[in-house]
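# Breakdown of the fold
Chain by chain, the residues:
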Amino acid sequence: METPLEKALTTMVTTFHKYSGREGSKLTLSRKELKELIKKELCLGERKESSIDDLMKSLDKNSDQEIDFKEYSVFLTTLCTAYNDFFLEDNK
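Below, the structure is looked at part by part.

So, how was this worked out
- Residues numbered from 1 in each chain as written.
- Predicted model: local features only at pLDDT ≥ 70, side-chain atom pairs only at ≥ 80, totals over all residues.
- Heavy atoms only, no water.
- Salt bridge = Lys/Arg side-chain N within 4 Å of Asp/Glu carboxyl O.
- Helix = DSSP H or I, 4+ residues; strand = E, 2+ residues; numbered from the N terminus.
- Expected span 1.5 Å × (residues − 1).
- Buried < 20%, exposed > 50% of the residue type's maximum accessible area, 1.4 Å probe, protein only.
- Arc of directions from axis to C-beta.
- Contact = heavy atoms within 4.5 Å.
- Core = buried A, V, L, I, M, F, W, Y, C linked by side-chain atoms within 4.5 Å.
- Axes fitted to C-alpha atoms, helices over the stretch in contact; angles between N-to-C directions.
- Parallel < 35°, antiparallel > 145°, perpendicular 65-115°, else oblique.
- Left-handed = near helix turned anticlockwise from the far one by under 90°.

### A closer look at the pattern of salt bridges
What the rule picks out here adds up to 5 salt bridges. With a shortest N-O distance of 2.5 Å, aspartate 53 and arginine 31 are connected by a salt bridge. Residue aspartate 53 is located in helix H3 (residues 49–59), and its partner arginine 31 is located in helix H2 (residues 31–41); the two are separated by 22 residues in the primary sequence. Three or more residues joined by partner-sharing salt bridges are found here, namely Arg22, Glu36 and Lys40.

This is how it looks when you write it as structure tokens:
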């Protein structure tokens, strides 16, 4: 039986692969795929195009105009840290 943490990890991996490869490589997210993932999986609503462009630039460390799994993992880690900070502030 999967633990909650194992389920979370599985979800993060399968979510990446759910969106990757619709355009180009099956191992990366294009700008369009990243935008769709954020819109549908993070419930952040419609993001400004400039916000998506800024996010893409900050995540795309090798400047290949695609987000690989390692770059996606950095994004999720940053989100987890922000969530943690929010909950720490809320409990003060």
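Picking up after the structure, the text goes on.
### Structural notes on helix H1 (residues 4–19)
Across its 16 residues, H1 extends 23 Å between first and last C-alpha, which sits within 8% of the 22 Å expected from 1.5 Å per residue. Buried within H1 we find Thr15, Phe16 and Tyr19. Buried positions in H1, seen along its axis, are confined to an arc of 100 degrees and lie on one side of it. Looking at the buried positions of H1, the neighbouring elements they touch are strand S1 (28–29), H2, strand S2 (67–68) and helix H4 (69–90). Immediately downstream of H1, the backbone of glycine 21 shows phi near 80 degrees, a positive value.

### Observations concerning the environment of leucine 34
Inspection of the secondary structure assignment puts leucine 34 in helix H2. In this structure leucine 34 comes out as buried when scored by relative accessible area, which is 0%. When the C-alpha atoms of leucine 34 and threonine 3 are compared, they prove to be 28 Å apart, with 31 residues separating the residues in sequence. Among residues more than four places away in sequence, those in contact with leucine 34 are Leu29, Leu55, Met56, Leu59 and Ile67.

### Looking at the nonpolar core
By size, the foremost hydrophobic cluster in this structure holds 14 residues, and its most contacted members are Leu29, Leu34, Ile67 and Tyr72. Those elements that provide at least two residues to this core are H1, H2, H3 and H4. The leading source of residues in this core is H3, at 4 residues. What tyrosine 72 contacts, discounting residues up to four positions off in sequence, is Met12, Thr15, Phe16, Leu29, Leu37 and Ile67.

### Looking at the packing of H1 against H2
Viewed as axis vectors pointing N to C, H1 and H2 meet at an angle of 130 degrees, and their least axial separation amounts to 9 Å. Here H2 runs oblique to H1, going by the angle between their axes. In this structure, H1 crosses over H2, and the sense of that crossing is right-handed. Residues Thr15, Phe16, Lys18 and Tyr19 of H1 touch H2, and the partners they reach there are Glu33, Glu36, Leu37, Lys40 and Glu41.

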